[in-house]
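# Coordinates in review
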Amino acid sequence: MPNNLPRQLTTFVGREREMAEVRRLLGTARLLTLTGAGGCGKTRLALESARTLLSEFAGGAWLVEIGALRDPALVPQAVASALAVPEEPTRARLDVLVTALRNREILVVLDNCEHLVEACADLAGALLPACPGLRILATSREPLGAAGELTWRVPPLSLPRPERLPPPDELAQHGAVRLFLDRAVAAQPAFRMTGQNALAVAQVCYRLDGIPLAIELAAVRLNVLAVEQINARLHDRFRLLTGGTRSGLPQHHTLQATMDWSHDLLSGDERLLFRRLAVFAGSFSLEAAEAACAGEDLPAPRILDLLSRLADKSLVNVDASPGDARYRLLETVRAYANEKLQASGEEPALRARHRDWCLALVERADRTFVETSGWHEETAWLDRLEVEYPNIRLALAWQEASPAGEQARLRLAGALRHLWWTRGPQMEGREWVERILAETGREPSIARANALRVAAILARRQGATAVAEARQKEALALHRALGDARGVAASLNNLALLALDRGDLPRAMALAEEALLVCGDGKAPHVSGFALNNLGRAVLLQGDHERATRLAEESLSIFREIGHEAGAAQALDTLGDVARERGDWQQAAARYEEALARWRQPGHRYGAAETLVKLGDLAWRDGRPDQAASLLDEGLALCREIGDRRGIAMALNSLGLLARERGNPAEAEALCGESLAIRREIADRVGLAWSLEAMAGLAGDREDLPRAARVLGAAQALRDAVGAPLPPCARADHARDLGRLREALGEEAFAAAWSQGRALTLEEAVLDARPRPTPA
């Protein structure tokens, strides 16, 4: 069954009865929360239980890690990401999740919810009533407080009574002892439980209350201490901070005592690094630890040795990923370290160092994307940024009340454009940029101008054209005022794209030509390449195929020369458009396939999505309906995932035309009608012409002939206004529809309806074209 449950590297010891109970309880409750002390094994029990339940959920079991999140608003996004539920910019994330999960039999594991209990409770309250096949298994140090929730406290591992000590072989049947022995051998392979040390083993397990994390931390000390010494050092530790306030629950005290005991055993330098590692979210690299945690009191060359010691003492986990070991603190351990960091007074300086390391990493990646971006390099950098994204989120959120701090956040937002644009999440990216723009001063700077450009790019992809236009114009004004020629050219290019979107072809051409003039000194060849391609797209819409080919080929030559794969893919995509509009299906397919291969290599989802849709449309026009459906479905899914509304509309319209050809008029009207609505919302005038023509054909199929003629007249008026004539590849179908209407209506009635359509406003035309209810 499908799942994302992680493979465990250590044995699961002593929880047979607990697993059976979790299975039983999940059979009676749709929301089961495993509660208990930090370190009591909630996460591992939930994961192992979920694995045994896979066969009972056709939709699989899916882990959502809440522990690395800090913003409650990101909880639905985390669930959507884990379940691969695509974004829909016009709908709330919870509504999208409800739609996606309504008919699925699925188990969702929400792990480490205690710091976001209200958000998790709200999520459960929204999903469970609407999704009857959904079960949620949560772990938290406290109940979520949601309606219908069943809470079950995870008990300690089974314990021996030291005062009635059984023989060693019987003692080893207790879960706590089994776990201690398993981890003891890992820490000290020569260790064996004997008649001489069995009492000390039992006392250690008993005094640690059978808490797995505490037992594991104790067992690892066998590499430096005898078990009798470990037992002696536990004296009075569990009586710290007993009773009282909400923050002093007994189960928390037990873990606190274990952590304090572990912390007391660290050297001064180990303690220093340990608390500083709390600045990281999720995992981190050695390079990151050296950059964020080193200082005059802790030289960078010592970090590796200290990390190794902390790993040996089970305070740091090591993930041996191919090519790059990464380190991670268990969430409970990280919280303990964070308390120490806050008490030290070092936190502001450490957070700033952490942010500066993230900034340096992201700006290094951005330079690679901009200057020379071969797909090997681009893939490696995108992969790395995705791994570091939990840390990048923390850096984006850190507010330092200083001009330098504000500039750092703006620079970080500006440099993340490629990650957000290519792989997403685009909606979250846009929210971050807008938040940072609002929270920082308006003093003119390159950093602010770049952040404004990113806000415009992401707004455009989500169909918020008015916002995109305003943000891009503000960016252009700043770049001009600051004398930043490259930024001016990039802003002009982006404004040219927005003009293309709304069908203002003369404006688009003027902006692209100005961008070419600004960057004509050769200092920014990639900007020239994009300007040439934008100009090519504009003249293509005007029907000038020869000039469009020359411009796109010149763009392709520049990108190939500098090794810019994404730019080359865009130029190839334009050349494919030229061939398609000429009706040269073979040449168009070759260009699109070459572009798609370049998009796919670095995982460039935006580029791949639109090219897939174009390949699907091409397959439909070339008489390959099954292949067309497959390509269009894949492209649509990808467009929905990244929130590309323009691509969604294109895919829906093509799927609607395919459904029409296959004799499914109701499906065709629904698909083309949805495309029409999206294109109206995002003011895509060229796309609207295509949608109006599709809806006219469907109206004709329903024998609603006057309306079909009116809508075709409106579409032609829109094409005339935009200056985008119907391309040759579509003229045969268009002529067929026109001829059928003329014959059926008669020339006089047809001409009257056509004239009425040409006189309609755009709003009136869209209203007239919308799908009609099927007559009873």
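Quantities reported herein were computed from a predicted structural model and do not represent experimental measurements.

## A word on the overall build of the chain
When helices and strands are counted, the chain shows 38 helices and eight strands. Reported as C-alpha extents along the three principal axes, the dimensions of the chain are approximately 105 × 65 × 45 Å. Within the chain, buried positions represent 56% of all 776 residues. Here the chain has roughly 31000 Å² of accessible surface; of this, 53% comes from carbon and sulfur atoms.

## Remarks on the packing of aromatic side chains
Under the criterion given, the structure shown has six aromatic pairs. Judged by centre distance (6.3 Å) and plane angle (80°), the ring pair of F180 and F191 falls under edge-to-face. Of this pair, F180 sits in helix α7 (residues 175-187) while F191 is found in the loop between α7 and α8 (198-207), placing the two residues eleven residues apart along the sequence. Pair check on accessibility: F180 and F191 agree, each one buried. Three or more aromatic residues joined by ring pairs make a cluster, and in this case those are F280, F284 and Y327. Seen from the ring of W690, R719 lies directly overhead, with NZ or CZ sitting 4.7 Å from the centre.

## Quick look at the side chain of S491
Structurally, the position occupied by S491 is in helix α24 (residues 485-501). Dropping the residues within four chain positions of it, S491 is found in contact with R453, Q472, A475, L476 and H479.

## Examining unusual backbone geometry
A positive phi is found at N112, a non-glycine position, where the angle reads about 65°. Tracing the backbone shows N112 in the loop between β3 (106-111) and α5 (117-130). By relative accessible area, which is 17% here, N112 ends up buried. Positive phi is not limited to glycine here, since E703 has a value of about 65°. With respect to the helices and strands, E703 occurs in the loop between α34 (685-701) and α35 (705-722). Owing to a relative accessible area of 60%, E703 belongs among the exposed residues under this scheme.

## A word on the pattern of salt bridges
Evaluated as defined, the whole model comprises 63 salt bridges. The partner of E681 in a salt bridge is R645, and the shortest N-O contact between them spans 2.3 Å. Separated by 36 residues along the polypeptide, E681 in helix α33 (residues 665-681) and R645 in helix α32 (residues 645-661) bring together distant segments of the chain. Under the relative-accessibility criterion, R645 is labelled buried at 8%.

## A closer look at the sheet that holds strand β1 (residues 31-35)
Sheet architecture is open: five strands sit in the order β2-β3-β4-β1-β5, paired in parallel fashion. At either margin of the open sheet sits one strand with a lone partner, and together these are β2 (61-65) and β5 (149-153). Neighbour-to-neighbour, the strand axes of this sheet turn through a mean angle of 20°, independent of strand direction. Note: β1 against β5, five bridges, orientation parallel. Bridge pairing in β5 places L34 opposite W152.

## Observations regarding the side chain of S654
Note on placement: S654 falls in helix α32. With a relative accessible area of 5%, S654 lands in the buried category. The residues touching S654, leaving out its near neighbours within four places in the chain, are D617 and L632.

## Some words on the packing of α33 against α34
At a minimum axis distance of 9 Å, the contact between α33 and α34 shows a crossing angle of 155°. With respect to α34, the axis of α33 lies roughly antiparallel. The two elements α33 and α34 meet at a crossing, and its hand is left-handed. Where α33 approaches α34, its residues A668, E669, C672, G673, S675, L676, R679 and R680 are matched on the opposing element by G687, L688, W690, S691, L692, A694, M695 and L698. For the contact of α33 with α34, the residue count by class is nine nonpolar, four polar and three charged.

## Overview of helix α13 (residues 286-293)
Note that an α-helix has 3.6 residues per turn; residues three or four places apart therefore point the same way. Of the positions making up α13, those classed as buried are A288, A289, A292 and C293. Projected onto a plane normal to the axis of α13, the buried residues spread over an arc of 100° and lie on a single side.

## A look at the pairing of β2
Across the five residues of β2, four count as buried, placing the element largely inside the fold. As defined by bridge partners, β2 adjoins β3 across five bridges and the pair is classed as parallel. When the bridges of β3 are listed, W62 appears paired with V108.

## Observations regarding the packing of helix α27 (residues 545-562) against helix α28 (residues 565-582)
Running from amino to carboxyl end, α27 crosses α28 at an angle of 160°, the nearest separation of the two axes being 8 Å. The orientation of α27 relative to α28 falls into the category roughly antiparallel. The interaxial crossing formed by α27 with α28 has left-handed handedness. Touching H545, E546, A548, T549, A552, E553, S555, L556, F559 and R560 of α27 are G567, A568, A571, L572, T574, L575, V578, E581 and R582, all from α28. For the contact of α27 with α28, the residue count by class is nine nonpolar, five polar and five charged.

Calculation notes
- Residues numbered from 1 in each chain as written.
- Predicted model: local features only at pLDDT ≥ 70, side-chain atom pairs only at ≥ 80, totals over all residues.
- Heavy atoms only, no water.
- Helix = DSSP H or I, 4+ residues; strand = E, 2+ residues; numbered from the N terminus.
- Buried < 20%, exposed > 50% of the residue type's maximum accessible area, 1.4 Å probe, protein only.
- Areas by Shrake-Rupley, 256 points an atom, 1.4 Å probe, with all protein chains shown as cover.
- Phe/Tyr/Trp six-rings, centres within 6.5 Å; stacked < 30°, edge-to-face > 60°.
- Lys NZ or Arg CZ within 6 Å of the ring centre and 35° of its normal.
- Contact = heavy atoms within 4.5 Å.
- Salt bridge = Lys/Arg side-chain N within 4 Å of Asp/Glu carboxyl O.
- Pairing = 2+ DSSP bridges.
- Axes fitted to C-alpha atoms, helices over the stretch in contact; angles between N-to-C directions.
- Parallel < 35°, antiparallel > 145°, perpendicular 65-115°, else oblique.
- Left-handed = near helix turned anticlockwise from the far one by under 90°.
- Nonpolar A, V, L, I, M, F, W, Y, C, P; charged D, E, K, R; others polar.
- Arc of directions from axis to C-beta.

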